[in-house]
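# Examining the three-dimensional arrangement
Here's the letter readout for the chains.
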Amino acid sequence: MGAPLPAESEREPAAGRTLPDYLPARMVNEYVYCPRLFFYEWVEGIFVESADTIEGKQQHRRVDREGAPMAAPGEAEGEWKTRSVTLSSERHRLIARIDLIEGEGRRVTPVDYKHGRPRETAAGLEAWPSDRTQLAVQALILRENGYECDEGIVFYQETRQRVRVAMTPELVEETLKAAREAWETARRGVMPPPLAGSPKCPGCSLHPVCLPDETNWLRGVGRDGDERQLSLFGEPVPRKPAMSEGGVRRLVSARTELRPAYLDTQGLRVGRSGDVLVVKDEDKVVQELRIHDLCQLNLMGNIQVTTQAVQALCEEGVPVCYFSRGGWFYGVTTGLVTKNVFLRQMQFRLAAEPWFCLRLGRQLVAGKIRNQRTMILRNHVEPDARLLAEMKRMAEVAVRAKSLEELLGLEGNAARLYFEAFGGLIKTGEGTDVPKVFRLDFHGRNRRPPRDAVNALLSLGYSLLAKDLTVTCYAVGFDPMMGFYHQPRFGRPALALDLMEPFRPLVVDSAVIQAINTRMITEKDFVQAGPAVVLKPEGRKAFYRAYEQRMDTLVTHPLFEYRVSYRRLLEIQARLLARYMEGEIGEYPVFVTR
Ligand code: SF4
């Protein structure tokens with residue numbers, strides 16, 4: 001165990017962390033809605049579009065048309081109006097873009113346009129507390145700029161109603177307090193805890209990032225009442241209260257509706273026309289892909305893509321993944337998906353702590369061995385009881401391993417046992433007229449290059465999974481190259497490989513077995529290339545389908561008890577690793593299937 005790191009509540013901002021000059025009024029609104037939402041959006045720069053935010057943006061585009069220049073205080077006479085004005089307050093370090101200002105002489109009323117409807121109370125319609133605060137920030141700024149402002153208006157676009165808000169001393173005081181707290185939260189750089197069982201969360205576009213109920217569940221008590229809280233830094237910490245509502249709500253949708261695209265025909269060219277990627281073979285259009293429907297573009301081999309297409313994909317947050325023709329994963333181009341440098345700082349800091357690397361490595365290796373054992377238990381024609389017992393023992397030893405070297409040895413021994421039994425999961429491949437290397441039976445793992453058909457499938461599958469976890473690392477804000485169990489090595493996405501360990505058997509091995517046992521892939525799909533056995537183009541396409549089917553399969557999360565696809569699960573697990581590294585939860589809940 002290394003020197004303990006400071007507890008969450010004691011952490012000071014990292015050296016060199018600076019704050020912007022002004023706090024935007026919109027962010028004070030977010031802080032009042034939920035301090036964690038504020039932190040995500042302002043400190044970490046994370047923003048996720050939802051149907052509501054897209055509609056809100058479209059409505060704002062109409063509102064934001066600039067009007068006449070704003071008259072200086074005292075200059076204008078009679079009634080006047082102007083739109084989309086940005087003003088700031090030096091005194092309070094606040095800034096606001098005001099949708100509409102209605103003035104009469106130097107007296108002004110800011111009007112804020114909001115998507116949605118007002119709050120219904122016994123006393124009538126009211127503005128929501130966070131909207132009132134945003135308006136009060138605008139009023140304070142207007143006052144500091146020499147205008148008189150006693151009230152503001154929130155215009156709710158869904159019901160097309162104007163709700164007046166008086167600038168009372170109490171509201172001003174509340175607003176300044178919220179702004180001070182928001183600054184302090186940003187200065188400390190420690191993520192506020194998620195709301196517990198709040199009705200706000202289902203309407204929050206960041207719930208798939210925040211995982212409020214999952215995080216609360218893991219911070220608190222298990223359903224069986226056992227203490228689950230362990231300190232990240234080796235010291236026991238006080239138990240936190242359980243969620244008032246008890247369970248974990250399904251806030252994360254089971255599957256993502258976005259799909260990855262694979263382009264595998266050599267010589268294709270990808271251009272862009274508006275929101276569509278146009279794929280051409282020579283001059284013939286062979287495919288059109290709507291950018292909004294994609295979550296990844298995978299280019300397998302010699303495929304050109306234009307700058308315009310890459311720019312559009314970056315802007316929409318769709319990564320472009322590059323592979324060799326044989327399926328070797330070269331790298332990925334992403335947009336500026338997250339500005340969360342603080343998570344990366346923590347990642348690098350913890351990667352230098354041997355005790356942390358060991359602690360996480362134990363969980364990952366034990367989880368992988370347990371998942372490998374489950375694969376054999378479920379799919380082997382005649383599972384060997386002694387092998388199962390030995391793998392169970394190895395998983396138990398892994399959680400007590402004393403060093404990364406010991407873990408690596410254990411993992412290697414467990415993999416040897418597992419792959420000795422792996423042939424028993426395959427139910428075809430007995431044709432005697434087929435050359436041995438193309439037969440779909442299995443006699444042990446070989447790679448670089450794979451020298452038989454099953455190994456060719458396994459290698460391609462692991463390459464695809466490494467790609468998916470690299471993309472996930474970027475989306476969450478990690479550096480995929482800096483790992484814990486996998487120590488950094490030139491050109492190796494070590495963190496992606498760490499996260500991948502428990503999923504190798506569940507995603508890739510399972511997809512390979514499924515593709516072979518259902519004859520999606522047959523011996524005819526392979527060809528010899530020097531010492532390597534590789535898939536023919538049709539075989540590769542069939543395997544991408546098998547892999548994606550597996551990624552789309554719903555599985556019950558053993559802790560949260562909702563069903564979720566493997567694709568979603570990869571992201572949930574990576575986000576939980578971030579929660580663990582930031583000290584929000586006491587233990588990384590490695591995914592182990594039942
Ligand atoms: S999901 Fe809930 S806790 Fe998380 S940021 Fe949104 S409102 Fe806050």
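Nothing here was measured: the structure is a model prediction, and the numbers come from that model. Every chain is numbered independently, its residues counted from 1 as its sequence is written. Totals for whole chains, interfaces and linings use all residues, but because this is a predicted model, local features are given only for residues with pLDDT of at least 70 and pairs of side-chain atoms are given and counted only at 80 or more. The side-chain figures draw on all heavy atoms in the structure; neither hydrogens nor water molecules are used.

## A word on the site of the ligand
Counted only if it meets this: For each residue, the test is whether any non-hydrogen atom lies within 4 Å of the molecule or strand; if one does, the residue is near. Think of a 1 Å grid over just the protein atoms. A cavity is a set of points where a 1.4 Å probe fits yet cannot get out, a pocket is an open set with protein on both sides within 12 Å along at least five of seven lines, and lining residues have an atom within 4 Å of a point. Pocket occupancy is defined atom-wise: a molecule lies in a cavity or pocket when more than half of its atoms are within 2 Å of its grid points. In the scheme used here, Gly and all other residues not listed as nonpolar or charged are polar, with Ala, Val, Leu, Ile, Met, Phe, Trp, Tyr, Cys and Pro taken as nonpolar and Asp, Glu, Lys and Arg as charged.
All residues in the neighbourhood of the ligand are listed as Cys34, Leu37, Pro194, Leu195, Cys201, Cys204, His207, Cys210 and Pro212. Put simply, the ligand lies in the largest cavity. Of the residues in the shell around the ligand, the class split is eight nonpolar, one polar and no charged.

## Things to note about the layout of surface pockets
What counts is decided by this rule: Grid points are joined across faces, edges and corners, and a volume is the space filled by probe spheres set on the points. Here a strand is any run of E in DSSP of at least two residues, a helix any run of H or I of at least four, and the numbering for each starts at the N terminus.
For the second largest pocket, the calculated volume is near 1400 Å³. For the second largest pocket, the lining is made up of 48 residues, of which Trp328, Arg447, Arg448, Tyr462 and Arg504 are closest to its centre. Every element with two or more residues in the lining of the second largest pocket is listed here: strand S16 (329-333), helix H10 (354-379), helix H12 (404-422), helix H13 (453-476), helix H14 (494-500), helix H15 (503-517) and strand S18 (532-535). Within the lining of the second largest pocket, the residues separate by chemical class into 25 nonpolar, eleven polar and twelve charged.

## Examining H10
Rules: Each helix should span, by expectation, one fewer than its residue count multiplied by 1.5 Å. Here's how the labels work: a residue is buried when its accessible area is under 20% of the maximum for its type, exposed when over 50%, partly exposed in between, all with a 1.4 Å probe on protein chains only.
Over its 26 residues, H10 extends 37 Å from the first C-alpha to the last, a length consistent with the 38 Å expected when each residue adds 1.5 Å. Within H10, 19 of the 26 residues are buried, which leaves the element mostly enclosed by the surrounding structure.

## Things to note about the nonpolar core
Keep this limit in mind: Nine residue types can take part in a nonpolar core, namely buried Ala, Val, Leu, Ile, Met, Phe, Trp, Tyr and Cys, and a core is a set of them joined through side-chain atoms within 4.5 Å.
Within the largest apolar cluster, 111 residues are counted, with the highest numbers of intra-cluster contacts made by Phe422, Phe526 and Phe543. Counting residues per element, this core draws most heavily on H13, which supplies 14 residues. Leu23, Ala25, Ala96 and Ile98 belong to the second largest nonpolar core, which has 49 residues in total.

## Comments concerning the sheet that holds strand S13 (residues 294-300)
Here is the rule we go by: In this analysis, strands are considered paired if DSSP registers two or more bridges between them. Only the contacting stretch of a helix is used when fitting its axis, a line to C-alpha atoms as for every element, and angles between N-to-C directions run 0 to 180 degrees. Throughout, a contact is declared for two residues whenever any of their heavy atoms are within 4.5 Å.
Ordered by their spatial adjacency, four strands build an open sheet running S9-S13-S15-S16, and the pairing between neighbours is mixed. Two strands bound the open sheet, and with one partner strand each, they are strand S9 (259-263) and S16. Strand-to-strand twist of the sheet, defined as the mean angle between neighbouring strand axes without regard to direction, takes the value 20°. Both strand S15 (residues 320-323) and S16 contribute to a ladder of four bridges, which runs antiparallel. Paired with Tyr322 across the strands is Gly331, a residue of S16. Lying on the sheet, helix H16 (residues 537-552) is in contact with S9 and S13; it crosses S9 at an angle near 170°.

## As for the packing of aromatic side chains
The criterion, for reference: When two rings of Phe, Tyr or Trp (its six-membered ring) have centres within 6.5 Å they constitute a pair, described as stacked for plane angles under 30 degrees, edge-to-face for angles over 60, and tilted for the intermediate range. By the criterion adopted, a ring carries a charge over it if an Arg CZ or a Lys NZ lies within 6 Å of its centre and within 35 degrees of its normal.
Counting across every chain of the model gives 16 aromatic pairs. Here the aromatic rings of Phe503 and Phe591 are separated by 5.7 Å at their centres, their planes lie at 10°, and the arrangement is stacked. With Phe503 in helix H15 and Phe591 in the segment after helix H17 (566-581), this residue pair connects regions lying 88 residues apart in the sequence. Aromatic rings pair up to connect Tyr31, Phe38, Trp42 and Trp183 into one cluster. The residue whose ring lies beneath Arg93 is Trp183, and the NZ or CZ to ring-centre distance is 4.1 Å. Sitting over the face of the ring of Tyr462, Arg504 holds its NZ or CZ atom 4.9 Å from the ring centroid.

## Quick word on the sheet that holds strand S10 (residues 269-273)
Pairing between sheet strands relies on hydrogen bonds along the backbone, with the strands arranged either parallel or antiparallel. On the basis of which strands lie adjacent, the open sheet formed by four strands has the order S12-S11-S10-S14 and mixed pairing. Both edges of this open sheet fall to strand S12 (284-290) and strand S14 (304-305), since each of them pairs with a single strand only. Summarising the sheet, strand S11 (residues 276-281) and S12 pair through six bridges and their orientation is antiparallel. By the bridge assignment, Asp281 is partnered in S12 with Lys284. Each of S10, S11 and S14 touches helix H8 (residues 307-315); the most contacted strand, S10, lies at about 65° to it.

## Considering the pairing of strand S4 (residues 107-114)
Taking burial as the measure, the eight residues of S4 include seven buried ones, the bulk of the element. Linking strand S3 (residues 94-104) to S4, which pair antiparallel, is a turn of two residues; within it Gly105 sits at a positive phi near 65°. Across four bridges, S4 lies against strand S7 (residues 151-156) in parallel orientation. For Val111, the partnering residue across the bridge sits in S7 and is Ile153.

## Brief notes about the pattern of salt bridges
Pairing is possible between side chains that carry opposite charge, provided their charged atoms lie close to one another. What counts, and what does not: Salt bridges, as used here, are contacts in which a Lys or Arg side-chain nitrogen is within 4 Å of a carboxyl oxygen on Asp or Glu.
Inspection of every chain in the model, using the stated rule, returns 32 salt bridges. With its nearest N and O atoms 3.0 Å apart, the salt bridge here joins Glu102 to Arg162. With Glu102 in strand S3 and Arg162 in strand S8 (residues 161-166), this pair connects stretches of sequence that are 60 residues apart. The residue Arg567 makes a salt bridge to Glu548 at a minimum N-O spacing of 2.3 Å. Of this pair, Arg567 sits in helix H17 while Glu548 sits in helix H16, placing them 19 residues apart in sequence. Ionic contacts of the salt-bridge type, sharing partners, join the residues Arg36, Arg579, Glu582 and Glu584 into one network.

## Some points on the confidence of the model for the chain
For clarity, the threshold we go by: Values of pLDDT, which run from 0 to 100, indicate the predictor's confidence residue by residue.
Of all residues in the chain, 87% have pLDDT values of 70 or greater, and the mean over the chain is 85. The model gives residues 1-11 a pLDDT under 50, and that stretch makes 29 contacts with residues more than four places away or in other chains. Below a pLDDT of 50 lies the segment residues 221-245, which in the model reaches 57 contacts outside its immediate sequence neighbourhood of four places, other chains included.

## Concerning empty space enclosed by the protein
Tallied over the entire structure, the rule returns three cavities of 30 Å³ or more. Within this model, the largest cavity holds a volume of roughly 110 Å³. Elements supplying a minimum of two residues to the lining of the largest cavity: helix H2 (35-43) and helix H6 (207-210). Across the lining of the largest cavity, the residue classes break down as ten nonpolar, one polar and two charged. Considering only enclosed or pocket space, the second largest cavity measures out at about 60 Å³ in volume. Among the elements that take part in the lining of the second largest cavity, H17 stands out by supplying three residues, more than any other. Its residues placed into classes, the lining of the second largest cavity shows six nonpolar, one polar and four charged.

## Concerning H12
Taking 1.5 Å of rise per residue, the 19 residues of H12 would be expected to cover 27 Å, and the 26 Å separating its terminal C-alpha atoms lies within 8% of that figure. If you follow the buried residues of H12, they end up packed against H10, helix H11 (385-398), H13 and H15.

## Observations regarding the packing of H16 against H17
Two quantities define a packed helix pair, namely the angle between the axes and the distance from one axis to the other. Our working rule: Roughly parallel refers to an angle under 35 degrees, roughly antiparallel to one over 145, roughly perpendicular to one between 65 and 115, and oblique to any angle outside these ranges.
Here H16 crosses H17 at 60°, and the two axes come no closer than 5 Å. Compared by their axis directions, H16 and H17 come out oblique. Facing H16, whose interface residues are Glu548, Arg550 and Met551, H17 presents Tyr566, Arg567 and Leu570.

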